[in-house]
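# Structural features, examined
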Amino acid sequence: MRAVKTSLTGIKPTNTPHLGNYLGAIRPALELAKQYRSLYFIADYHALTTVRDPEVLRTSVYDVAATWLASGLDPEKTILFRQSAVPEVFELSWTLSCLLATGQLERGHSYKDALAKGDVPNAGIFYYPVLMAADILLYDTHVVPVGKDQKQHLELCRDVAQRANHVFGEGTLVVPEAHIGDAPLVPGTDGEKMSKSRGNGIPLFAPAKKLRKVVMGIKTGSETLEEPKDPEPSTVYQLCRQVSPEAAAEMAEKLRAGNYGWGHAKQALYETLEAELGPKRETYQALRADEAKLDALLEEGAERARVIARETMGRVRRAIGMTRPA
Ligand code: TRP
């Protein structure tokens, strides 16, 4: 058994990450690398449940890889790869599906939501949680950072791992734990939770001018310049605090003192963001312009991921009776 535990982060390549994704998901997921053997993979086969345009799939994978690398992912100390580069995941997902009752998949939130909306979901949407369980179990994962929306998927994953251990022998699979994100909510320009669908996002690697324009458009109170202001309820202050507590402390003091307008606060937030994101944006652009290099980095990661995957599948194959015991 390994002394260092494993964490695994799955990233669906379906939209360009915004500041909310960075603060709420990317930054905390990268923190795990200090403590765990950390794997990060781009879930391109999961994206296939909805993406139909090959060009979109191809470019989104590069967008996401460059975003995570620019955000600080170290491809030497961690393992970054494409889900589709490790075919063992399908061997394991089939095996897991044979241990799952169809009812458990019928109760899946995403599948039920699709039906409720009157969609005719494809079988991939139905099967999605099985593939996700295989993603996790294939790498002997102990810890999976996920948002609340993924909690049910993690429960199914734990269930099926426990069932496999019960049926085929303890130790066949590692039963993982969910780390449900406790990062504070990241407000968007309208003060509501930042989300792509609301159109209130702050772009992560847009040019500085565009970033400034979006920040200047954040909704604020309508106090006069002179009036002292309460920083706590303000979106500008809340965002600043999540990016730089030092800059936020300074902003809070000035707001409380008065003679400091919301325009000033927004300018300060913009400068704080630019200090954090400016250098990353440059790295992003350089990486994104070199798809061959991204392919090479992803392939190096995949080679290391396949070593782990083969070992797990070897164990599973013996456990289920497809090969002779060691
Ligand atoms: N379902 C996850 C999402 O929509 C992406 C994902 C796929 C994932 N496989 C995973 C996350 C395995 C964690 C572990 O965000």
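The structure reproduced in this document is the subject of the present report. Since we're looking at a predicted model, the values are computed, not measured.

Let's shift gears to the overall build of the protein chain. Along its length, the protein chain carries 13 helices and 5 strands. Its C-alpha atoms give the protein chain principal-axis dimensions of roughly 80 × 45 × 40 Å. With 326 residues in all, the protein chain has 48% of them scored as buried. Of the contacts formed within the protein chain by residues at least 6 apart in sequence, a portion of 77% connects residues at least 24 apart. Total accessible area on the protein chain is roughly 16,400 Å²; 53% of this is exposed by carbon and sulfur atoms. For the protein chain, the centre of its 41 positive side-chain charges and the centre of its 41 negative side-chain charges are spaced 2 Å apart.

So, about the site of the ligand. Around the ligand, the neighbouring residues are L8, G10, K12, F41, A43, H46, Y128, M132, D135, I136, V144 and Q150. Here a nitrogen atom of the ligand sits 2.7 Å away from a polar atom, N or O, in the side chain of D135. Between the ligand and Q150 there is a distance of 2.9 Å, counted from a nitrogen atom to a side-chain nitrogen or oxygen. For the shell around the ligand, the leading source of residues is helix 7 (residues 123–137), giving 4 residues.

Moving on: the pattern of salt bridges. Under the counting rule described, the total for this entry stands at 16 salt bridges. Its salt-bridge partner being K117, residue D119 comes within 3.9 Å of it at the nearest N-O pair. Note on D119: relative accessible area 39%, which makes it partly exposed. For R241, the salt bridge is made with E232, and the minimal N-O distance between the two is 3.2 Å. Assessed through its relative accessible area of 36%, E232 is described here as partly exposed.

Taken N-terminus to C-terminus, the directions of helix 4 (residues 88–97) and helix 7 make an angle of 120 degrees; their axes are 8 Å apart at the nearest point. Between helix 4 and helix 7, the interaxial angle falls into the category oblique. For the crossing formed where helix 4 meets helix 7, the hand is right-handed. Residues V89, F90, L92, S93, W94, L96 and S97 of helix 4 touch helix 7, and the partners they reach there are Y127, V130, L131, A133, A134, D135 and L137. When the residues that make up the contact of helix 4 with helix 7 are grouped by side-chain class, the tally is 11 nonpolar, 2 polar and 1 charged.

With that out of the way, let us pick up the pairing of strand 1 (residues 6–11). Of all 6 residues in strand 1, 5 are buried, a share of seventy percent or more. Relative to strand 2 (residues 37–42), strand 1 is paired through 6 bridges, and the arrangement is parallel. Residue pairing across strands places L8 opposite L39, the latter belonging to strand 2. What joins strand 1 to strand 2 is helix 1 (residues 19–31), and the crossover it makes is right-handed.

Conventions we followed
- Residues numbered from 1 in each chain as written.
- Predicted model: local features only at pLDDT ≥ 70, side-chain atom pairs only at ≥ 80, totals over all residues.
- Heavy atoms only, no water.
- Helix = DSSP H or I, 4+ residues; strand = E, 2+ residues; numbered from the N terminus.
- Buried < 20%, exposed > 50% of the residue type's maximum accessible area, 1.4 Å probe, protein only.
- Contact = heavy atoms within 4.5 Å.
- Areas by Shrake-Rupley, 256 points an atom, 1.4 Å probe, with all protein chains shown as cover.
- Lys, Arg positive; Asp, Glu negative; His and termini not counted.
- Charge placed at Lys NZ, Arg CZ, Asp CG, Glu CD.
- Near = heavy atom within 4 Å.
- Polar contact = N/O pair within 3.5 Å; in protein donor to acceptor, adjacent residues only side chain to side chain.
- Salt bridge = Lys/Arg side-chain N within 4 Å of Asp/Glu carboxyl O.
- Axes fitted to C-alpha atoms, helices over the stretch in contact; angles between N-to-C directions.
- Parallel < 35°, antiparallel > 145°, perpendicular 65-115°, else oblique.
- Left-handed = near helix turned anticlockwise from the far one by under 90°.
- Nonpolar A, V, L, I, M, F, W, Y, C, P; charged D, E, K, R; others polar.
- Pairing = 2+ DSSP bridges.
- Right-handed = clockwise from strand over helix to strand, strands pointing away.

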